[in-house]
Each structure stands twice: as structure tokens, then as C-alpha cells.
Amino acid sequence: MARVNLSHGTQKENLRLLNKFKQAKRLRPYMNCALMVEIRGREIRMSHNNEKGGLLRIRSGSTCKLVSGQFDQPSDASCFRINNEDIYRFLKPNDVAYFDDGKVVAIVS
Amino acid sequence: MTQSDLSDLSAISQTCFIDFLAVPFVSHGDDVTGVRKTLGENGNKIHILAKVDHLEAVQRFNEILEESDGAIFVRNELQWELSAEKLMLAQKWAVAQANAAAKPITI
């Protein structure tokens, strides 16, 4: 089975990848290969940042804000600009939030 | 499913036939039913695999499994909500439930 995760890359890049899959299947008519597509779902992404190498350095114990509606502006260590406007309905004080696959752990205040 | 998902699926379905659709952030059976309704008649041959990637999905696993065609147990997301011992037990339990329901599950 071929698995394509739409969370990565743009729609154009994903379609290009799927066209290659189609070509590969055509070249091997004797082989079966199913296609699994994984949708993005309710993802939350942070805007770009202007740090060197794109890495944000965040000190343990520091405070940062989550801001939505400004996704075109860069994020920094004190302010994360995200693309989700509904998250505030779900977050409560003392909730634990994870960023970057769990590398950064934050507590909502 | 978001508008972006619908747009992606619409574009893809014009290129390839999708055999399986993996749906993340499923919290209960209605989420899977909602995806099926959105796919409509044209998508009734697509098998829906629910991704079990947070604690609520584990707690409502049977309900989610009943509505979907299979499951994907996402250990690297669940590790943040379950300790290693509980994660191992939850994994074994989920596989047993899926086997009893004769539905595929991947880890």
C-alpha cells in the first residue's frame, strides 16, 4: 500500500506525487498496490519566523501568547501566530498544550 | 473534515482512485459518520480508517471502530497522554477489539 499524507506539502506537490504513483502502477500491471490518503484534519500551524535556520529558541519557564488572525506575520519566542481561530473555545486554564510533536510543553494560564 | 480537506480530496479523486482514507483527530463515532456523509455516493467504495491519536479516541474506541472500516493506532501521538505501560496495554486491547470485529488495525 502507498500512503500519502496531505499534511505535508502543497496540493500541487501532492498531486505531482500521486501522478508518479499512477505512472508506477501503470508500469507494473502485474502488481497490486492500494492507495491510502491521509487528510490534514483540524491542524494548527504556526506562522513562519525570522530566526536563523527557522528555529525558535524558547526558554523553560517563559511565557508566550497564542494569537490567531495574524498568520501572515512572523512568530517569535514570545508570540505564536497560529492559523486556527477556534482553539480558544477549547482551551481552559491549566490545560497542557504540546507543540512540535511534543518537544515543547506549555500550560495554559 | 475542513474545506481544505474537501478541496484536496476533490483534486485527488480526479487523478487516482482512493482505496483508503485515514482520518485524524477522530473523537467519536459521529466523526466517522460525518466523513462518510461528506464523501457521499461517489465515495462509498472508499474504506475509512480512523486514526486513534488522542486519549478520548482510545476511550471511545469501540464506538469509533463500529463506524469505520479499520483503525490506525498512533503510538507517537498517544505517548503524550498515556504512560508507556498504559500505552502498551491500550495497544494490545485495541488490537484485540479490532480482531474481534474483523477489521484491520495498524500500529
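> Just to check I follow, could you spell out unusual backbone geometry for this structure?
Most peptide bonds take the trans form, and the phi angle of most residues other than glycine is negative. Residues and elements named next belong to chain B. Unusually for a residue other than glycine, Phe25 sits at a positive phi of about 60°. Tracing the backbone shows Phe25 in the loop between β1 (20-23) and α2 (29-39). Since its relative accessible area comes to 30%, Phe25 is described here as partly exposed. Even without being glycine, Ala102 reaches a positive phi, approximately 55°. Inspection of the secondary structure puts Ala102 in the loop between α6 (84-100) and β4 (105-106). Take Ala102: its relative accessible area is 71%, and that puts it in the exposed class.

> How do you make sense of a nonpolar patch on the surface when you look at a structure like this?
Taken together, the side chains of Val96(A), Tyr98(A), Val105(A), Ile107(A) and Trp80(B) present a nonpolar region at the surface, about 470 Å² in accessible area. Counting only elements with at least two residues in the nonpolar patch, the list comes to β5 (96-99) and β6 (104-107) of chain A. Summarising the element assignment, Trp80(B) is placed in the loop between α5 (75-78) and α6. The class of Trp80(B) is partly exposed, set by a relative accessible area of 31%.

> For this particular structure, what's the right way to read the layout of surface pockets?
It is the rolling of a water-molecule-sized probe over the atoms that shows where space remains empty. All names here are of chain A. As a volume, the second largest pocket reaches approximately 560 Å³. Cys64, Phe99, Ala106, Ile107 and Val108 are the residues nearest the centre of the second largest pocket, which is lined by 21 residues in total. Put simply, the parts of the chain that give the lining of the second largest pocket at least two residues each are β3 (65-68), β5 and β6. The dominant element in the lining of the second largest pocket, judged by the number of residues it contributes, is β6, at 4 residues. Of the residues assigned to the lining of the second largest pocket, the class counts are 13 nonpolar, 5 polar and 3 charged.

Procedures and definitions
Residues numbered from 1 in each chain as written. Chains lettered and ligands numbered in written order. Predicted model: local features only at pLDDT ≥ 70, side-chain atom pairs only at ≥ 80, totals over all residues. Heavy atoms only, no water. Helix = DSSP H or I, 4+ residues; strand = E, 2+ residues; numbered from the N terminus. Buried < 20%, exposed > 50% of the residue type's maximum accessible area, 1.4 Å probe, protein only. Patch = residues over 30% accessible without salt bridge, like charges linked within 9 Å, V, L, I, M, F, W, Y side chains within 5 Å. Areas by Shrake-Rupley, 256 points an atom, 1.4 Å probe, with all protein chains shown as cover. Salt bridge = Lys/Arg side-chain N within 4 Å of Asp/Glu carboxyl O. 1 Å grid on protein atoms, 1.4 Å probe; cavity = no way out; pocket = protein on both sides within 12 Å on 5 of 7 lines; lining within 4 Å. Points joined across faces, edges and corners; volume = space filled by probe spheres on them. Nonpolar A, V, L, I, M, F, W, Y, C, P; charged D, E, K, R; others polar.

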